[in-house]
Amino acid sequence: MSRAVGEHPRRVIDSFELLYVKRGTLGIEEAGREFRVGAEETLLLWPGKEHGGTLPYPPDLQFFWAHFVLPAKPARQAAQMLDVPQHAMVARPEQMTSLFRRFLNEQELLGERQIPMSLMLMLMLWEVTNSRAVGTIGSVQDSSAAVLAARAEALICTGFHGPMSTSTIAAALGCNADYLGRVFRTIYRCTLTEAIHLRRLRQATALLAEGKTSIDAIAARCGFDDTGYFRRLFKRSTGMTPQAYRRLHLRVHVNTG
């Protein structure tokens, strides 16, 4: 969490650095290339290249980071190499947040153990690999279609707490629901219904990790009329119940460095 003091240090390091912004905007540049890393975006910084902040830390900034190194000679039998975009919009931000929180918790409770730390970092990189590079619009060439999908995404971000469905979003945008669904899935790689659920669950994970609001109240605030359905959907998405998630993540890590 930002103390709104200073900016990212200028330095050259001998490891990769994976940054994930949860809230706010982080201004940073690497070897003369400037980035504005917004909420739910990642940035991968390379070893041996000078990087440093370009903007003071804003008061609302929250971001995670992790350093890692790669072996000098990767194993020839590696099943797959990851194609990690340098600057990406995370497809599953609640999953990335969960991984970083668990990484910090494990490090705090058990110390820096190479195998579990490496496995969790690999999962983070896998999430970035399956995300969308900032500045791209997938395979849809029609810019008007991309704008339409972005408008649908904006409606979901602002109205997820109330009644919402594919048909209501299409009606609000004045377009055909089937067409909107196809365009949205092409660009965001999920259906509109999945996007609504993801946005609601994302808000639910934040409320669970940051306060003591009851599960029923959280479900209602996130747009779920049925608490039982919310619990089932939450467990299907995260692999644990809302209460178990709260016990695991109800910690605050403050950046004092």
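Above this text you will find the structure in question.
The structure reproduced in this document is the subject of the present report.

Conventions adopted
Residues numbered from 1 in each chain as written. Predicted model: local features only at pLDDT ≥ 70, side-chain atom pairs only at ≥ 80, totals over all residues. Heavy atoms only, no water. Salt bridge = Lys/Arg side-chain N within 4 Å of Asp/Glu carboxyl O. Helix = DSSP H or I, 4+ residues; strand = E, 2+ residues; numbered from the N terminus. Buried < 20%, exposed > 50% of the residue type's maximum accessible area, 1.4 Å probe, protein only. Contact = heavy atoms within 4.5 Å. Pairing = 2+ DSSP bridges. Axes fitted to C-alpha atoms, helices over the stretch in contact; angles between N-to-C directions. Core = buried A, V, L, I, M, F, W, Y, C linked by side-chain atoms within 4.5 Å. Phe/Tyr/Trp six-rings, centres within 6.5 Å; stacked < 30°, edge-to-face > 60°.

Let's talk about the pattern of salt bridges
Stage number 1. One pass over the structure, following the stated rule, counts 6 salt bridges.
Stage number 2. A salt bridge links Arg10 to Glu29; the nearest nitrogen and oxygen atoms lie 2.6 Å apart. A residue pair is termed long-range when its members are at least 10 positions apart, and Arg10 in the segment before strand E1 (16–23) and Glu29 in strand E2 (residues 26–30) qualify at 19 residues.
Stage number 3. With relative accessibility at 44%, the residue Arg10 sits in the partly exposed group.
Stage number 4. A salt bridge links Arg202 to Glu40, with the shortest nitrogen-to-oxygen separation between them at 2.9 Å. Taken together, the residues Arg202 in helix H6 (residues 192–210) and Glu40 in the loop between strand E3 (33–37) and strand E4 (41–45) connect sequence positions 162 residues apart.

Focus: the environment of Ile218
Stage number 1. Tracing the backbone through its elements, the reader meets Ile218 in helix H7 (residues 215–221).
Stage number 2. Sequence spacing of Ile218 and Ala204 is 14 residues, and the spatial spacing of their C-alpha atoms is 6.2 Å.
Stage number 3. The contact partners of Ile218, leaving out residues within four places of it in the chain, are Ala204, Leu207, Leu208, Thr213, Phe230 and Arg246.

Examining the pairing of E1
Within a regular beta strand, the side chains point alternately toward one face of the sheet and then the other, so they alternate between its two faces.
Stage number 1. Of all 8 residues that make up E1, 7 are buried, and the element is covered over most of its length.
Stage number 2. Taken together, the 7 bridges between E1 and strand E6 (residues 62–68) define a ladder with antiparallel strand orientation. By the bridge assignment for E6, Tyr20 is matched with Phe64.
Stage number 3. Both E1 and E4 contribute to a ladder of 5 bridges, which runs antiparallel. Bridging from a neighbouring strand, Glu17 pairs with Leu45 of E4.

Some remarks on the pairing of E2
Stage number 1. With 5 of 5 residues buried, E2 lies mostly within the body of the structure.
Stage number 2. With burial as the criterion, each face of E2 is covered, one bearing Leu26, Ile28 and Glu30 and the other bearing Gly27 and Glu29.
Stage number 3. Here E2 runs beside E3; their pairing, made up of 5 bridges, is antiparallel. Within E3, the residue paired with Glu30 across the bridge is Arg33.
Stage number 4. Linkage of E2 to E3, two consecutive antiparallel strands, is achieved through a turn of 2 residues, within which Ala31 is found at a positive phi near 50 degrees.
Stage number 5. When E2 meets strand E5 (residues 51–53), the two strands line up antiparallel, connected through 3 bridges. Counterpart to Glu29 in the pairing with E5 is Gly52.

Examining the sheet that holds E5
Stage number 1. An order of E3-E2-E5 is seen for the 3 strands of this open sheet, with the pairing classed as antiparallel. Sheet topology places E3 and E5 at the edges, where each strand pairs with a single neighbour. For this sheet, the mean angle separating the axes of adjacent strands, direction not counted, is 25 degrees.

Here we look at the nonpolar core
Stage number 1. By size, the foremost hydrophobic cluster in this structure holds 19 residues, and its most contacted members are Leu18, Tyr20, Phe68, Met96, Phe100, Leu121 and Met124.
Stage number 2. Listed by contribution, the elements that provide at least two residues to this core are E1, E6, helix H1 (93–110) and helix H2 (114–129).
Stage number 3. When residues of this core are assigned to their parent elements, the largest contribution, 6 residues, is made by H2.
Stage number 4. Leaving out residues up to four positions away in the same chain, Leu121 has contacts with Leu18, Ala66, His67 and Phe68.
Stage number 5. Judged by nonpolar contacts, the second largest core, of 18 residues, contains Ala152, Leu180, Cys190 and Leu192.

Digging into the packing of aromatic side chains
Stage number 1. Applying the stated rule across the entire model yields 11 aromatic pairs.
Stage number 2. The interplanar angle of 40 degrees and the centroid separation of 5.6 Å between the aromatic rings of Phe63 and Trp65 together place this pair among those described as tilted.
Stage number 3. We classify Phe63 as buried; its relative accessible area is 12%.
Stage number 4. Taking relative accessible area as the criterion, Trp65 reaches 38% and is therefore assigned partly exposed.
Stage number 5. Aromatic pair Phe234 and Tyr245: ring centres 5.4 Å apart, planes at 85 degrees, arrangement edge-to-face. Residue Phe234 is located in helix H8 (residues 227–238), and its partner Tyr245 is located in helix H9 (residues 242–249); the two are separated by 11 residues in the primary sequence.
Stage number 6. Classification of Phe234 as buried rests on a relative accessible area of 0%.
Stage number 7. Given the relative accessible area of 1%, Tyr245 is considered buried.

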